[in-house]
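Architecture and fold: a report
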Number of protein chains: 2
Amino acid sequence: MGENNAAEILRKAGMKKTAGRVALLKLLLESEKPLSQQEISRMLKGVELNYVSIYRSLEAFCRAGITHRIETGDRTWRFAVCSCGGRGHCHPHFICNSCGAAECLRGMEIPELPAVNREYVVEATEFYLKGLCARCSSEV
Amino acid sequence: MGENNAAEILRKAGMKKTAGRVALLKLLLESEKPLSQQEISRMLKGVELNYVSIYRSLEAFCRAGITHRIETGDRTWRFAVCSCGGRGHCHPHFICNSCGAAECLRGMEIPELPAVNREYVVEATEFYLKGLCARCSSEV
DNA sequence: ACTTAACTGCAAATAACTTGCATTTAAATA
DNA sequence: TATTTAAATGCAAGTTATTTGCAGTTAAGT
Ligand SMILES: [Mn+2]
Ligand SMILES: [Mn+2]
Ligand SMILES: [Zn+2]
Ligand SMILES: [Zn+2]
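Remember, it's a predicted structure, so these values are computed and weren't measured experimentally. All residue numbers here refer to positions counted from 1 along the written sequence of the relevant chain. All chains are assigned letters beginning with A, and all ligands numbers beginning with 1, in the order in which they are written. Given that the model is predicted, a residue must reach a pLDDT of at least 70 before its local features are reported, and side-chain atom pairs must reach 80 or more before they are shown or counted; all residues, however, enter totals for whole chains, interfaces and linings. Derived side-chain values reflect all non-hydrogen atoms in the structure, with water molecules and hydrogen atoms excluded from consideration.

Re the protein's contact with DNA strand C
Put simply, the test is: It suffices for a single heavy atom of a residue to lie within 4 Å of a molecule or strand for the residue to be listed as near it. Side-chain atoms alone can form a polar contact between residues adjacent in sequence; in general such a contact is a pair of N or O atoms within 3.5 Å, and within protein one must be able to donate a hydrogen while the other accepts it. Where helices and strands are cited, they refer to DSSP runs of H or I of at least four residues and of E of at least two residues respectively, numbered from the N terminus. We call Asp, Glu, Lys and Arg charged. Ala, Val, Leu, Ile, Met, Phe, Trp, Tyr, Cys and Pro are nonpolar, and the rest, Gly among them, are polar.
DNA strand C sits among 23 residues. The nearest are Thr18, Asn50 and Arg56 of chain A together with Gln38 and Tyr55 of chain B. Backbone atoms, meaning sugar plus phosphate, form 66% of the atoms of DNA strand C positioned within 4 Å of the protein. At 3.4 Å from a phosphate oxygen of DNA strand C is found a main-chain nitrogen or oxygen belonging to Glu48 of chain A. The side chain of Tyr55 of chain B places a nitrogen or oxygen atom 2.8 Å from a sugar or linking oxygen of DNA strand C. Here the element with the most residues in the surface near DNA strand C is helix H4 (residues 51-63) of chain A; it accounts for five residues. When the residues that make up the surface near DNA strand C are grouped by side-chain class, the tally is eight nonpolar, six polar and nine charged.

Below you can see the structure in the form of structure tokens.
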């Protein structure tokens, strides 16, 4: 099911259905947290997909509105699928200062800001909560 | 005046009043926009301050609550003084997708979010608006 | 089957930071 | 004022996430 789903998403986005991309997208579809390239490489067991290709695929996914990119502040990026289809974030993200994990706060919306100066064109907004995740905050 | 101000801030923070740090802090105090290390190096004319020292000073400033750090999304950091004295952001930031410039939206506040799950400890929030700055949006 | 643009892998490059270490210096103290 | 010391500095080298160039492969349309 996840596999068909991935293939279908690729098709709709006009991308080739390659083993690597299907596996990558399936992984992202099943992951509850945004993943970094390293995490993806580690988790993509059994499927060889060069890390450069992972980056290129992730970029294509983001361009197509399939995924969005999260900046965790440690100079790495994490990626997560989002069904909103837009190119930006549609919800806030939590980032753990201790373990670095990111989390999509899917239940929430990014609050609106009182209009910015008209000279600016706002294309996207990002809202980050930083602190300690459940696991890290409960550590002794 | 800016110089005395910088020296005073350093003193209050328990830092040594060195020529380099005074010049750096003075530059940040006078800058209307957050600056990257490279921009700082370029602008610090007449004062030799190694770029490693710039990074180390900026880190010390942030720890002391003198400055805050902004992530522009292009994997660089920018720094700006903030009088709130806190360690996090106290206002949203605008980031230009075209020229990469950042801007402190000092007039605004970062909106509150409806309480997150109690297991999480939220230590700071960051709000970014991304789009085209005044200059870039008016280009033909 | 043929064609072609999309995709991939490999090696090398980039660039923003970080680290180690030896030297200097502001400023506290005697 | 001389002494002391922790903080600050400079330089060289290291780290690492991401990018780029290029040549070879392959999905998918004809
Ligand atoms: Mn998300
Ligand atoms: Mn600011
Ligand atoms: Zn955590
Ligand atoms: Zn701009």
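From this point, the discussion proceeds with the structure in view.
Comments concerning the pairing of strand S3 (residues 93-96) of chain B
Residue and element names in this part refer to chain B. What counts here: Whether a residue is buried, partly exposed or exposed follows from its accessible area with a 1.4 Å probe, protein chains only, as a fraction of its type maximum: under 20%, in between, or over 50%, in that order. Paired strands are those between which DSSP finds at least two bridges.
Burial along S3 is two-sided: His93 and Ile95 and Phe94 and Cys96, pointing in opposite directions, are all buried. Where S3 and strand S4 (residues 102-104) come together, three bridges link them in antiparallel fashion. Across the sheet, Ile95 pairs through a bridge with Ala102, a residue of S4. In terms of strand pairing, S3 meets strand S5 (residues 121-132) through four bridges, oriented parallel. Counterpart to His93 in the pairing with S5 is Tyr128.

A look at the coordination of the zinc ion (ligand 4)
All names here are of chain B. The condition that has to hold: Only nitrogen, oxygen and sulfur atoms qualify as donors, provided they sit within 2.8 Å of the metal or within 3.2 Å for Na, K and Ca; with water excluded from the atoms, sites may seem incomplete. Key to geometry: four donors with every angle between 85 and 135 degrees are tetrahedral; four donors are square planar and six octahedral where opposite donors lie over 155 degrees apart and all remaining angles lie between 65 and 115; all other sites are irregular.
Within the protein, the zinc ion (ligand 4) binds to Cys96 (SG), Cys99 (SG), Cys133 (SG) and Cys136 (SG); these donor distances fall in the range 2.2 to 2.5 Å. Viewed at the metal, the four donor atoms of the zinc ion (ligand 4) are separated by angles of 103 to 119°, and the geometry they form is tetrahedral. Along the chain, the residues donating to the zinc ion (ligand 4) fall in the pattern C-x2-C-x33-C-x2-C. Of this pair, Cys99 sits in the loop between S3 and S4 while Cys133 sits in the loop between S5 and helix H5 (134-137), placing them 34 residues apart in sequence. Take Cys99: its relative accessible area is 44%, and that puts it in the partly exposed class. For Cys133, a relative accessible area of 9% puts it in the buried group.

So, empty space enclosed by the protein
For clarity, the threshold we go by: Cavities and pockets were defined on a 1 Å grid built over protein atoms only: a cavity is a set of grid points that admits a 1.4 Å probe from which the probe cannot escape, a pocket is an open set flanked by protein on both sides within 12 Å along at least five of seven lines, and lining residues are those with an atom within 4 Å of any such point. Grid points are joined across faces, edges and corners, and a volume is the space filled by probe spheres set on the points.
Tallied over the entire structure, the rule returns three cavities of 30 Å³ or more. Quantified by volume, the largest cavity comes out at close to 80 Å³. Contributing to the lining of the largest cavity are Glu71, Thr72, Gly73, Arg75, Thr76 and Trp77 of chain A together with Glu71, Gly73, Arg75, Thr76 and Trp77 of chain B. Residues belonging to the lining of the largest cavity are distributed by class as follows: two nonpolar, five polar and four charged. Approximately 40 Å³ is the volume found for the second largest cavity. Glu71, Glu126, Tyr128 and Lys130 of chain A together with Glu71, Glu126, Tyr128 and Lys130 of chain B are the residues that line the second largest cavity. Put simply, the parts of the chain that give the lining of the second largest cavity at least two residues each are strand S5 (121-132) of chain A together with S5 of chain B.

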